[in-house]
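# Coordinate analysis (summary)
What follows is each chain in one-letter form.
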Amino acid sequence: MKKIIFLTILPLFIYAKCDLNAEKLVNSYSKIIKCEDNKIYLSNGKSFIYDDGKRKTFKEALNNPDIEDMFKYRYPKYWVKKLPKNYDPGRIRFEPLFKELYGHSASEVKKNLVYIPWFGKNILVTKANGVAKALSSVYNELKSLPPKYQKYLYPIGGTFKWRYIAGTKRLSVHSFGAAIDINVKYSAYWRWSKGAYRYQNKIPPKIVKIFEKYGFIWGGKWYHYDTMHFEYRPELLK
């Protein structure tokens, strides 16, 4: 008589592997200490799921992302004149992580705001995560450019302001004091375009390269372009 062997199949839980992008976060922000078992761990003991495993459309990732979704589009380090539809590297942000890094409210963010010089004025940015130091380095290089570049750089459009992005319920990175809009007069914004979509830009590559050198990505490398906008996102430039 043959023996019948019954095998008990136990559920197998496999955590998503923390990838190189997760390591870029760890290497970019001192408050992020590690990625392990599909979780990002912070120095205050809090943690977030890194990858929720859901496939998302562009709008779903934009409005309900996990941390891994922030790397959905690779930021181009080369100059761009045209981008595929919805190609917005860095525009997807996991807001709870930004609040842990910079502050959960305007009053919390304000505790870390400092003034730095900017072409004869003082502008207000956060010192958290080295933003003020990085933007000061940007300024020190920009001011050495020939005078023809200065018209693009001041007066600025703004730095810190706790607010939603126009037409959304998503907080702007300006809310955290980690972004700057340069001179609006020479800038283009996708919502301002009339009629059919057309990419526009007047900001010189030399200016963009200096910002990127110190960890700031440029809104001109988004399909939904915002050429006045630079925000501190060193993880996307590693």
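Attention here is on the structure that accompanies the text. (Residues numbered from 1 in each chain as written. Predicted model: local features only at pLDDT ≥ 70, side-chain atom pairs only at ≥ 80, totals over all residues. Heavy atoms only, no water.)

A few words now on the pairing of strand β2 (residues 39-42). Where burial is concerned, the two faces of β2 differ: the one with Ile40 and Leu42 is buried and the one with Lys39 and Tyr41 is not. Pairing of strand β1 (residues 32-36) with β2 involves four bridges; the strand directions are antiparallel. Residue Glu36 lies in a different strand from β2, and its bridge partner there is Lys39. Here β2 runs beside strand β3 (residues 47-49); their pairing, made up of three bridges, is antiparallel. Within β3, the residue paired with Lys39 across the bridge is Ile49. The loop that links β2 with its antiparallel partner β3 comprises four residues; one of these, Gly45, has a positive phi angle of about 95°. (Buried < 20%, exposed > 50% of the residue type's maximum accessible area, 1.4 Å probe, protein only. Helix = DSSP H or I, 4+ residues; strand = E, 2+ residues; numbered from the N terminus. Pairing = 2+ DSSP bridges.)

Strand order in the open sheet formed by three strands is β1-β2-β3, with antiparallel pairing between adjacent strands. Pairing within the sheet leaves two strands with one partner each, and these edge strands are β1 and β3. Each strand axis lies, on average, 20° off the axis of its neighbour in the sheet, ignoring direction. Sheet strands touched by helix α3 (residues 95-102): β1, β2 and β3. Its angle to β3, the strand with the most contacts, is close to 160°. (Axes fitted to C-alpha atoms, helices over the stretch in contact; angles between N-to-C directions. Contact = heavy atoms within 4.5 Å.)

Here we take up the sheet that holds strand β7 (residues 216-218). Spatially, β6-β8-β7 is the arrangement adopted by the three strands of the open sheet, whose pairing is antiparallel. Pairing within the sheet leaves two strands with one partner each, and these edge strands are β6 (179-181) and β7. When the angles between neighbouring strand axes are averaged without regard to direction, this sheet yields 20°. Bridge count between β6 and strand β8 (residues 229-232): three bridges; the pairing is antiparallel. Residue Ala179 lies in a different strand from β8, and its bridge partner there is Glu231. Running over the sheet, helix α5 (residues 131-142) touches β6, β7 and β8 and is turned about 65° from β7.

This next bit is on helix α1 (residues 20-28). Think of an α-helix as turning once every 3.6 residues; residues three or four places apart then point the same way. Here α1 has its buried residues at Ala22, Lys24, Leu25, Val26 and Ser28. Contacts from the buried residues of α1 go to β1 and β2.

Counting 66 residues, the largest nonpolar core has Tyr102, Trp118, Leu135, Leu142, Ile207 and Phe211 as the members making the most contacts within it. A per-element tally of this core places α5 first, with seven residues. Other than its neighbours up to four places away in sequence, Ile207 contacts Leu142, Leu145, Tyr149, Tyr152, Leu153 and Phe230. Judged by nonpolar contacts, the second largest core, of five residues, contains Ala61, Leu62, Tyr73 and Ile92. (Core = buried A, V, L, I, M, F, W, Y, C linked by side-chain atoms within 4.5 Å.)

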